[in-house]
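Architecture at a glance
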Amino acid sequence: MTRKDKIKVLFVCLGNICRSPSAQAVFTQKVQHAGLEDCIEIDSAGTAAYHIGKAPDARAMAAAKARGYSMEQLRARQVKVDDFHHFDYILAMDFANQGDLQELQPNDSRAHLSLMLDGVATDLNEVPDPYYGGDAGFETVLDLLEQASDQLIETIQRDHL
Ligand code: 4NP
């Protein structure tokens, strides 16, 4: 499948070291498996500046690696106003991230801003922050991101490709 402009997707959490780089890794692999890597551009960012330039959290990388996802090459960055001009979809992991993004969103934003779990078949509204918890939290994050990524690919295929 080809189209002139790539559909551009940005995943956003607080630190850009746990949830959003995991989302980037999961979604990237699923996009590749669907043969859509020439059609979709993928990135992630954090609302906070704490971890700029850092590699993802070691626990997140280990959990991802055990499922065959690669995150080693990713480095944290902070979301910026221009992201709203560049990306088509900006997906926030939780309500706090979404609120911070709404405050940053310029009037001429092209991006569709939503929650990662909007419309996903789960009781949760948010991808829970695993940073201060145990290893099980990182498995929950990956379970949710896999479900949400499948749905996002379906949505993009239905609406754009
Ligand atoms: P993330 O997790 O937003 O999923 O990357 C966190 C990472 C760092 C912190 C909080 C959450 N922190 O407070 O440093």
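First, a word on what this report is: a plain description of the structure on this page. Everything numeric in this text was worked out from a predicted model, so none of it was measured.

Details of the overall build of the protein
A count of helical and extended segments in the protein gives five helices and four strands. Ordered by position in the sequence, the α and β elements of the protein form the string β-α-β-α-α-β-α-β-α. Relative to its 161 residues, the protein shows a buried fraction of 50%. Restricting to contacts in the protein with at least 6 residues of sequence separation, those with at least 24 account for 72%.

Looking at the packing of aromatic side chains
Considering all chains together, one arrives at two aromatic pairs under this definition. Centre to centre, the rings of F11 and F27 are 5.4 Å apart; their planes meet at 75°, and the pair counts as edge-to-face. With a gap of 16 residues between them, F11 in strand β1 (residues 7-13) and F27 in helix α1 (residues 19-33) connect regions that are remote in the sequence. According to the relative accessible area criterion, F11 is buried, its value standing at 0%. With a centroid separation of 4.8 Å and an interplanar angle of 85°, the aromatic rings of Y131 and Y132 are classed as edge-to-face. By relative accessible area, Y131 is classed as partly exposed at 29%. A relative accessible area of 77% places Y132 in the exposed class.

Concerning the site of the ligand
Lining the immediate environment of the ligand, one finds C13, L14, G15, N16, I17, C18, R19, Y50, H51, D129, Y131 and Y132. One of the backbone N or O atoms of L14 is found 2.9 Å from an oxygen atom in the ligand. In the model, an oxygen atom of the ligand is placed 3.1 Å from a nitrogen or oxygen of the I17 main chain. About the coverage of the ligand: the protein hides 93% of its 350 Å² of free accessible area. Partitioning the shell around the ligand into residue classes produces seven nonpolar, three polar and two charged.

Here's the deal with unusual backbone geometry
A positive phi is found at N16, a non-glycine position, where the angle reads about 60°. Examined against the element boundaries, N16 turns out to sit in the loop between β1 and α1.

As for the pattern of salt bridges
Counting across every chain of the model gives twelve salt bridges. Its salt-bridge partner being R19, residue D129 comes within 3.9 Å of it at the nearest N-O pair. Here D129 is found in the loop between β4 (112-115) and α5 (135-160), whereas its partner R19 is found in helix α1, with 110 residues between them in sequence. You can call R19 buried: its relative accessible area is 2%. We note a salt bridge from D83 to R77, for which the minimum N-O separation is 2.9 Å. The burial state of D83 is the same as that of R77; both residues are buried. Through salt bridges with shared partners, one network takes in D43, R77, K80 and D83.

Rules behind the numbers
- Residues numbered from 1 in each chain as written.
- Predicted model: local features only at pLDDT ≥ 70, side-chain atom pairs only at ≥ 80, totals over all residues.
- Heavy atoms only, no water.
- Helix = DSSP H or I, 4+ residues; strand = E, 2+ residues; numbered from the N terminus.
- Buried < 20%, exposed > 50% of the residue type's maximum accessible area, 1.4 Å probe, protein only.
- Contact = heavy atoms within 4.5 Å.
- Phe/Tyr/Trp six-rings, centres within 6.5 Å; stacked < 30°, edge-to-face > 60°.
- Near = heavy atom within 4 Å.
- Polar contact = N/O pair within 3.5 Å; in protein donor to acceptor, adjacent residues only side chain to side chain.
- Areas by Shrake-Rupley, 256 points an atom, 1.4 Å probe, with all protein chains shown as cover.
- Nonpolar A, V, L, I, M, F, W, Y, C, P; charged D, E, K, R; others polar.
- Salt bridge = Lys/Arg side-chain N within 4 Å of Asp/Glu carboxyl O.

These figures capture arrangement, not role.
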